[in-house]
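Read off the chains here:
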Amino acid sequence: FNSNVDGVAPYAKDWPVSFVSQFVNHPALGGWQVKDEPSYLDWHESLDANNNSVHAHNSPLINNYRNIRAIDNQNLVFMNLAVSYDATWIGNNSTYPDYLHHYNQVFNPSILCYDYYPIDCVTNSQGEIISLRVQWVTFYNTLATFAYEAKRTNKPFWAYCLCYQHRTEGRI
């Protein structure tokens, strides 16, 4: 990649337009993941460079998403959603299905996508695993929620699922 005097590649200066324009026809490109696990606030009540509130439909995340879609209407453009029923993630939507429906209306993504890691573990003070817990109910409820929304909107859905334990901040 060529860079100019300040060391920043030209395509990175006008993200995403320059970057997407440079790589849109690359044979190895399968799609664009705009953001991993955006919270409701990431795309709804954003702040501009001067910390002023920006209306949902003018948020930087939505604008980036739309700019990418305008340049590339052939490849996937998507965001991988987190599974959380906390207001931080779903905003003023009363349920996760409402949040998913709202997200689908605002972004109209090529594909519905989420990840959920249902295997938790309890560790002792030495960090050793003493028990595992699988959150079956949330796992299957979320799978059903995405399957329903995908069928309702005639879109494919993609689910990442943790199938073995991993460590994150003392939990697995």
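Since the model is a prediction, treat every value here as computed from it, not as a measurement.

Rules of the game
- Residues numbered from 1 in each chain as written.
- Predicted model: local features only at pLDDT ≥ 70, side-chain atom pairs only at ≥ 80, totals over all residues.
- Heavy atoms only, no water.
- Salt bridge = Lys/Arg side-chain N within 4 Å of Asp/Glu carboxyl O.
- Buried < 20%, exposed > 50% of the residue type's maximum accessible area, 1.4 Å probe, protein only.
- Helix = DSSP H or I, 4+ residues; strand = E, 2+ residues; numbered from the N terminus.
- Axes fitted to C-alpha atoms, helices over the stretch in contact; angles between N-to-C directions.
- Left-handed = near helix turned anticlockwise from the far one by under 90°.
- Contact = heavy atoms within 4.5 Å.
- Nonpolar A, V, L, I, M, F, W, Y, C, P; charged D, E, K, R; others polar.
- Expected span 1.5 Å × (residues − 1).
- Arc of directions from axis to C-beta.
- Polar contact = N/O pair within 3.5 Å; in protein donor to acceptor, adjacent residues only side chain to side chain.
- Core = buried A, V, L, I, M, F, W, Y, C linked by side-chain atoms within 4.5 Å.

## With respect to the pattern of salt bridges
Side chains that differ in sign of charge can pair as their charged atoms come close. Following the criterion strictly, the structure yields 2 salt bridges and no others. One salt bridge connects Lys35 with Asp42, and the closest N-O pair in it is separated by 3.9 Å. The exposure class assigned to Lys35 is partly exposed, which follows from its relative accessible area of 32%. A salt bridge links Arg152 to Glu149; the shortest N-O distance between them is 2.7 Å. Of this pair, Arg152 and Glu149 both sit in helix α7 (residues 136–153), 3 residues apart, roughly one helical turn. The exposure class of Glu149 is buried, given its relative accessible area of 4%.

## Concerning the packing of helix α6 (residues 96–107) against α7
One can describe the packing of α6 onto α7 by two numbers: an axis separation of 10 Å at closest approach and a directional angle of 35°. As for how α6 packs across α7, the hand of that crossing is right-handed. Every residue of α7 that contacts α6 at Tyr96, Pro97, Leu100, His101 and Asn104 is listed here: Thr145, Phe146, Glu149, Arg152 and Thr153. Residue composition of the contact of α6 with α7, grouped by class: 4 nonpolar, 4 polar and 2 charged.

## Concerning α6
The end-to-end C-alpha separation of α6 is 16 Å, in line with the 16 Å expected for 12 residues at 1.5 Å each. Along α6, the residues classified as buried are Tyr96, Tyr99, Leu100, Tyr103, Asn104, Val106 and Phe107. All buried residues of α6 fall inside an arc of 165° around its axis, so they share one side. Residues of α6 that are buried make contact with α3 (40–43), α4 (60–71), β4 (76–82), α5 (87–90), β5 (112–116) and α7. At the N-terminal boundary of α6, the capping side chain belongs to Thr95, with an oxygen 3.1 Å from the backbone nitrogen of Asp98. Two residues or fewer past α6, Asn108 is found with a positive phi of approximately 50°.

## Quick look at the nonpolar core
Soluble globular proteins: nonpolar side chains tend toward being buried together. The biggest cluster of nonpolar side chains holds 28 residues, and the ones touching the most others in it are Trp43, Leu81, Tyr103 and Phe107. Among the elements of the structure, α2 (17–23), β1 (31–36), α3, α4, β4, α6, β5 and α7 are those that each provide at least two residues to this core. When residues of this core are assigned to their parent elements, the largest contribution, 6 residues, is made by α6. The contact partners of Phe107, leaving out residues within four places of it in the chain, are Trp43, Leu61, Ile62, Tyr65 and Met79.

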